[in-house]
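The residues making up each chain are set out below.
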Amino acid sequence: MLIRRPDHIRPAEITPRPFYERRRALLKLAGAGSALGAAGLLAAAGRAAEPTLGLEKLPNVARSALSTTEPATAYKYVTTYNNFYEFGTDKDDPMQYAKRLKVRPWTVAVEGEVERPRTFAIEDLLKFPLEERVYRLRCVEAWSMVVPWVGFEFNALAKLVQPTSRARFVEFVTAYRPEEMPGVRLPVLDWPYVEGLRIDEAMHPLTIMAVGLYGEVLPNQNGAPVRLVVPWKYGFKSAKSIVRIRFVAQQPKTAWEKAAPNEYGFYSNVNPGVDHPRWSQRRERRIPELFAKRETVLFNGYGDQVARLYAGMDLKKFY
Ligand code: MTE
């Protein structure tokens, strides 16, 4: 993700962040494989064995018809090229520093406009019927990945707390732990990181709470122990390490809207027709490819399922 530049720097002096980050991160990626121990070899049906960090395996994971058949991005890239600003703004900061995050015990409070507010322990969330959902993730920085997430539909959680008729939006608040998160000492964002969805977006069957990837629990750098995944929106909508979910009447202010409202809107649907003010969104680079040679598709290719949510809306205005 990217922060608005200070006004005193002339635009021509700036290398757009995606480009210098890409150069730096790719050099580091070359060595990243060695960070994976000799641990876990995952041989999921239909996918080649992929070396993982050997974290706790998630049992009874069903396969979902809602998965893409595109090949998944290798585990070593999914877990070493990350955005998680609470641990630093470089792509390899999360893999280095997120180890400090204590993910047990963990609770998620679900409250606000609901009949039955409830606090879930992570163990409760792991009891939801888990599915593998292989989704494309398209970052606003014009790179993309294909990730075999493990999770459950957000609407299953919502059913238990029973949203009231006043609930029109859902706010996702993530962990803020200065002792464990070196990045929050800098005012990069207005911490804690907050994201939001309209309630129909949150309840859509494609929206999942992810508790794992590649058959194992989430590595900390990917948002352990529980994160959101909304595959038709830019990656930053997928809040990591969630501690509170609030059903609300008013549209929440998200951390990125607060940081740069002209660059990051509330909706943030993947849309090649609406450029970021500082770069094009027409194409994308599939990690670990070097060049942005793939055409980006409206709603990240999930338009058949989600376009109806935006019928009649001007997506240039509601970006
Ligand atoms: N969640 C929190 N709490 N903090 C963050 O900085 N970054 C977002 C999103 N969720 C972020 C976050 C961004 S910009 C992206 S692209 C995705 O996480 C990246 O997820 P990944 O590292 O698992 O690919």
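Anyway, here's the lowdown on the structure attached to this text. (Residues numbered from 1 in each chain as written. Predicted model: local features only at pLDDT ≥ 70, side-chain atom pairs only at ≥ 80, totals over all residues. Heavy atoms only, no water.)

1. Focus on the overall build of the protein chain
How we decide: By definition, any uninterrupted DSSP run of H or I lasting at least four residues is a helix, any uninterrupted run of E lasting at least two residues is a strand, and each is numbered from the N terminus. Buried residues are those whose accessible area, probed at 1.4 Å on protein chains only, stays under 20% of the maximum for their type, while exposed residues exceed 50% and partly exposed ones sit between those limits. In this description, contact between two residues means that some pair of their heavy atoms is separated by no more than 4.5 Å. Under the convention used here, a 1.4 Å probe and the Shrake-Rupley method define accessible areas, while residue burial counts only the protein chains that appear.
Helices and strands together make up the secondary structure of the protein chain, namely eight helices and 15 strands. Among the 319 residues that make up the protein chain, the fraction classed as buried is 56%. When contacts within the protein chain are restricted to residue pairs at least 6 apart in sequence, long-range pairs at least 24 apart make up 71% of them. Total accessible area computed for the protein chain in this model is approximately 14,100 Å², and 54% of it derives from carbon and sulfur atoms.

2. Examining the pattern of salt bridges
Counted only if it meets this: Whenever a carboxyl oxygen of Asp or Glu lies within 4 Å of a side-chain nitrogen of Lys or Arg, that contact is scored as a salt bridge.
Following the criterion strictly, the structure yields 21 salt bridges and no others. When the shortest N-O distance is used, the salt bridge between Arg-63 and Glu-132 registers 3.2 Å. With a gap of 69 residues between them, Arg-63 in strand 3 (residues 62–63) and Glu-132 in strand 6 (residues 131–138) connect regions that are remote in the sequence. Here Arg-133 makes a salt bridge to Glu-131, at a shortest N to O gap of 2.8 Å. Judged by its relative accessible area of 1%, Arg-133 is buried.

3. A few points about the side chain of Glu-141
The criterion, for reference: Under this definition, polar contacts are N or O atom pairs within 3.5 Å; protein pairs additionally need one hydrogen-donor-capable and one acceptor-capable atom, and for neighbouring residues in sequence, both atoms have to be side-chain atoms.
You can see Glu-141 is positioned in the loop between strand 6 and strand 7 (143–153). The class of Glu-141 is buried, set by a relative accessible area of 4%. Polar contacts involving the side chain of Glu-141 include one to the side chain of Lys-91, which spans 3.1 Å.

4. Concerning the nonpolar core
Which entries qualify depends on this criterion: We call a set of buried residues a nonpolar core when its members are Ala, Val, Leu, Ile, Met, Phe, Trp, Tyr or Cys and they connect through side-chain atoms within 4.5 Å of each other.
Formed by 85 residues in total, the largest nonpolar core has its most connected members in Trp-149, Phe-154, Phe-172, Ile-245 and Phe-247. Examining the composition of this core, we find that six residues originate from one element, strand 7, more than from any other. Apart from residues lying up to four places away in sequence, Trp-149 is in contact with Glu-131, Glu-132, Arg-133, Tyr-135, Leu-137, Ile-208, Ala-210, Gly-212, Leu-213, Leu-218, Arg-227 and Val-229.

5. Structural notes on the site of the ligand
Stated precisely, the cut-off is as follows: The rule for a residue being near a molecule or strand is that one of its heavy atoms must lie within 4 Å of it.
Around the ligand sit 17 residues, and of these Met-1, Tyr-85, Glu-86, Arg-227 and Lys-240 come closest. One of the backbone nitrogen or oxygen atoms of Ser-238 is found 2.8 Å away from a nitrogen atom of the ligand. Here an oxygen atom of the ligand and a side-chain polar atom of Lys-240 are 2.7 Å apart. Starting from 540 Å² of accessible surface for the ligand in isolation, the protein chains cover 99%.

6. Some points on the sheet that holds strand 4 (residues 107–112)
To keep things clear, this is the line we draw: Pairing between strands is defined by DSSP: at least two bridges between them are needed. An axis is simply a line fitted to the C-alpha atoms; with a helix, the fit covers only the stretch in contact. Between two such axes, the angle follows the N-to-C directions and lies from 0 to 180 degrees.
Ordered by their spatial adjacency, five strands build an open sheet running 5-4-13-8-9, and the pairing between neighbours is mixed. Each edge of the open sheet is held by one strand with a lone partner, namely strand 5 (118–121) and strand 9 (194–198). On average, each strand axis in the sheet is inclined to that of its neighbour by 15°, with strand direction left out of account. Pairing of strand 4 with strand 5, which is carried by four bridges, proceeds in the antiparallel orientation. What sits directly across from Val-110, in strand 5, is Arg-118.

7. Comments concerning the packing of aromatic side chains
Applicable threshold: Two rings from Phe, Tyr or Trp (for Trp, the six-membered ring) form a pair when their centres sit within 6.5 Å of each other. Planes less than 30 degrees apart are called stacked, planes more than 60 degrees apart edge-to-face, and all others tilted. Only lysine NZ and arginine CZ atoms are considered, and such an atom sits over a ring when it is within 6 Å of the ring centre and within 35 degrees of the ring normal.
Evaluation of the coordinates by the stated rule reveals 17 aromatic pairs. On the numbers, 4.8 Å between centres and 85° between planes, the contact of Phe-84 with Phe-87 is edge-to-face. Accessibility classification places Phe-84 together with Phe-87 in one group, the buried group. For the ring pair Tyr-267 and Tyr-310, a centre distance of 6.2 Å and an interplane angle of 90° mean the geometry is edge-to-face. Within this pair, whereas Tyr-267 is found in the loop between helix 7 (255–259) and strand 14 (283–286), its partner Tyr-310 is found in the segment after helix 8 (303–306), the two being separated by 43 residues in sequence. By relative accessible area, which is 8% here, Tyr-267 ends up buried. Classification of Tyr-310 as buried rests on a relative accessible area of 3%. The ring centre of Phe-266 lies 4.6 Å from the NZ or CZ of Lys-237, which sits over that ring.

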